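So the chains spell out like this:
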Amino acid sequence: MKNMYRFLRRPKFLVAAFGMFLLFAGLLRVLEIFPFYHGIDPDKFNNGGTEMKDRNVGRMFGPKAKGGDMDSNDETTSKLEDYMFFSKGDEGEKKLSYRKLHTEILNTPKVDTETKRFGEPNYRVHIFYYPWYGNPKHDGKYIHWNHEYLPHWNPEIAKRYQRGRHVPPDDIGANFYPSLGPYSSRDPGVIEEHMKEIRAAGVGVLVVSWYPPYKADEQGIPWDSLIMNFLDAALRHKLKLALHIEPYKGRNDYTVHKDVEYIINKYGKHKAFYKQKTKNGRYLPILYIYDSYHTKPHEWAQLLTTTGSHSVRNTKYDCVFICLMVEMEHRSCIETGGFDGFYTYFAIDRFTYGSTWRYWGQLSSLANKTGTLFIPSVGPGYIDTNVRPWNAENTRSRQNGEYYRKSWRAAMNANPDIISITSFNEWHEGTQIERAVPKTVSGIIYRDYGPNPSDYYLKLTKEFVDKFDRQ
């Protein structure tokens, strides 16, 4: 018995036994004895597993969009349809097609089990996300949490206020304190938690702040290398991802052209990369361009109109380009620049023309007139006095969630195709809906969501996402 035990423990025997198991499982698959193998519901099949009751197979493997990233455009779905609905006349073709389906399913990332209890995400709701945070454990130092106090542009005003940097972990550049503490955007556990929170809120698309490789804002370090991690995590949670191109030094229509080529070549085929249905029925990636007004409309036209000198229109790099509407004159980004839509970003009612709720009806009419997308940006409030101590006049109190409710109602009254949320985690400006906790330390008193729980704004978001879905 001991000799037999030693024999069974030999690596060669174990490898051979495992190989026989895989061969047997493969034969069962080809013979279609177990159509439920690898998670397929046998009730979806008729006639021994050769036909599916529901041709909309995308519901099994990917999210169904509402007005955006439709099943018919999903790469996985299209492949599955090719493999599932083959001719019945050739038995050899049937088995070959089924083998392709088997391979495709094996290569499809599993949906997170906790995510399955949520309803379908709404891909008409986008949320701005910032991956610029770091801490010593994952990055060797604190990044962004140690944000400097920004000086006022008027020297006389600037000298009245504090200068220097924050000193984490207790002193951070924000007026609220995150439930996860001063986390790193590189932490896989943080990424997973964020995806779960976004999914629980019903949001379908996270719009991730992006700089080209080797570029970053003044407070941070480059993070393009993280985008694939976010795409993979989004896919596990049935979310989609779009990019928010930030205003780096020297950005213009030519550099953005290179950015677009890079983005499409590197990320365009990922199954979680969001694509918006256009008015002519095409599905194209959507790109938000922050501070787009820094480039003149006639320069954007060289990139974004069909007659432009280096146009991307009707090429593999064509996208749905969204400009930032700050002032009324920025409508020229639509009328001259060739943008496909516009968003308002700022979660501060009456701060700019675009962010003023009472003007959203006018902006909706402009979008209808020009055949473009109007994407109003709602937010829970605003406070940035821990990075701009001189900017208290632009603080917008959360009012126990009432400010957020009003912004949602104003957006839905404008009847837009998409609503964006500012933001999931822009902590410096106090627009986050991410969990926050009470904290008082060394004389610093952070705000919180009291008397409500830390996930209050996630739940409030879900409430309005559902209302928008029914609209």
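Scoring rules and cut-offs
Residues numbered from 1 in each chain as written. Predicted model: local features only at pLDDT ≥ 70, side-chain atom pairs only at ≥ 80, totals over all residues. Heavy atoms only, no water. Helix = DSSP H or I, 4+ residues; strand = E, 2+ residues; numbered from the N terminus. Buried < 20%, exposed > 50% of the residue type's maximum accessible area, 1.4 Å probe, protein only. Areas by Shrake-Rupley, 256 points an atom, 1.4 Å probe, with all protein chains shown as cover. Expected span 1.5 Å × (residues − 1). Contact = heavy atoms within 4.5 Å. Polar contact = N/O pair within 3.5 Å; in protein donor to acceptor, adjacent residues only side chain to side chain. Core = buried A, V, L, I, M, F, W, Y, C linked by side-chain atoms within 4.5 Å. Pairing = 2+ DSSP bridges. Right-handed = clockwise from strand over helix to strand, strands pointing away. Salt bridge = Lys/Arg side-chain N within 4 Å of Asp/Glu carboxyl O. pLDDT = per-residue confidence, 0-100.

**Q** In this structure, what is going on with the overall build of the protein chain? I would like to understand it.
**A** Scanning the protein chain from terminus to terminus reveals 15 helices and 16 strands. Every one of the 471 residues in the protein chain was classed for burial, and the buried ones make up 54%. Carbon together with sulfur atoms contributes 52% to the accessible area of the protein chain, which is approximately 21,800 Å² in total.

**Q** Where do I start with unusual backbone geometry in this structure?
**A** Negative phi characterises most residues that are not glycine, and trans characterises most peptide bonds. Of note, the amide linkage connecting Thr-422 to Ser-423 takes the cis form, showing an omega dihedral of 10 degrees. Tracing the backbone through its elements, the reader meets Ser-423 in the loop between strand S13 (419-421) and strand S14 (436-437). Each neighbour pair has its own omega, and for Gly-450 with Pro-451 the value is 5 degrees, a cis peptide bond. Tracing the chain through its elements places Pro-451 in the loop between strand S16 (444-445) and helix H15 (456-470). In this structure, Arg-350 is a non-glycine residue whose phi angle is positive, near 75 degrees. By the element assignment, Arg-350 lies in the loop between strand S10 (341-343) and helix H13 (360-370).

**Q** Looking at this structure, I do not really get the environment of Glu-218. What am I missing?
**A** With respect to the helices and strands, Glu-218 occurs in the loop between strand S5 (203-210) and helix H9 (227-236). Here the alpha-carbon distance between Glu-218 and His-147, two residues 71 residues apart in the chain, equals 9.6 Å.

**Q** I tried to follow helix H8 (residues 188-200) on my own but got confused; where do I start?
**A** Residue pairs spaced three or four apart in an α-helix point in one direction, given the helix's 3.6 residues per turn. Given a rise of 1.5 Å per residue, 13 residues ought to cover 18 Å, and the 18 Å separating the end C-alpha atoms of H8 matches this to within 8%. Among the residues of H8, Val-190, Ile-191, Glu-192, His-194, Met-195, Glu-197, Ile-198 and Arg-199 are the ones counted as buried. Buried residues along H8 sit against strand S3 (122-129), S5, H9 and H15. Structurally, the start of H8 carries an N-cap: the backbone nitrogen of Gly-189 is 2.9 Å from a side-chain oxygen of Asp-187. Just downstream of H8, Gly-202 is the residue with a positive phi angle, here 85 degrees.

**Q** Sorry, what's going on with the nonpolar core here?
**A** Looking at soluble globular proteins, one finds that nonpolar side chains tend to be buried together. Core analysis: the biggest nonpolar cluster contains 108 residues, and Leu-206, Leu-243 and Trp-408 have the highest contact counts within it. When sequence neighbours within four positions are dropped, the list of residues in contact with Trp-408 reads Val-125, Val-378, Ile-419, Ile-421, Phe-464, Val-465 and Phe-468.

**Q** Sorry, what's going on with the pairing of S5 here?
**A** In the case of a regular strand, side chains alternate between the two sheet surfaces. Counting buried residues along S5, eight of its eight residues qualify, which places the element largely inside the surrounding structure. Looking at chain direction, S3 and S5 are connected through five bridges and run parallel. Paired with Phe-128 across the two strands is Val-207, which belongs to S5. In this sheet, strand S6 (residues 240-245) lies alongside S5 in parallel orientation, the contact comprising six bridges. Bridged to Val-208 within S6 is Leu-243. Since S5 and S6 lie parallel, the crossover through H9 that links them has a hand, and here it is right-handed.

**Q** Quick question: what am I supposed to make of the pattern of salt bridges here?
**A** When the charged atoms of two side chains with opposite charge come close together, those side chains can pair. Under the defined criterion, the tally for this structure stands at 19 salt bridges. With a closest N to O distance of 3.2 Å, Arg-435 and Glu-197 form a salt bridge. Of the two residues, Arg-435 is situated in the loop between S13 and S14 and Glu-197 in helix H8; the sequence distance between them amounts to 238 residues. The exposure class of Arg-435 is partly exposed, given its relative accessible area of 27%. According to the relative accessible area criterion, Glu-197 is buried, its value standing at 3%. The closest approach of N and O atoms between Glu-335 and Arg-331, which form a salt bridge, is 3.0 Å.

**Q** I keep staring at the confidence of the model for the protein chain and nothing clicks. Help me out?
**A** Looking at the protein chain, the pLDDT average stands at 83 and 75% of residues meet or exceed 70. Contacts for the low-pLDDT stretch residues 1-9, under 50 throughout, to residues beyond four places or in other chains number four contacts. pLDDT under 50 marks residues 70-108. Its contacts with residues more than four places away, or in other chains, come to 66 contacts.

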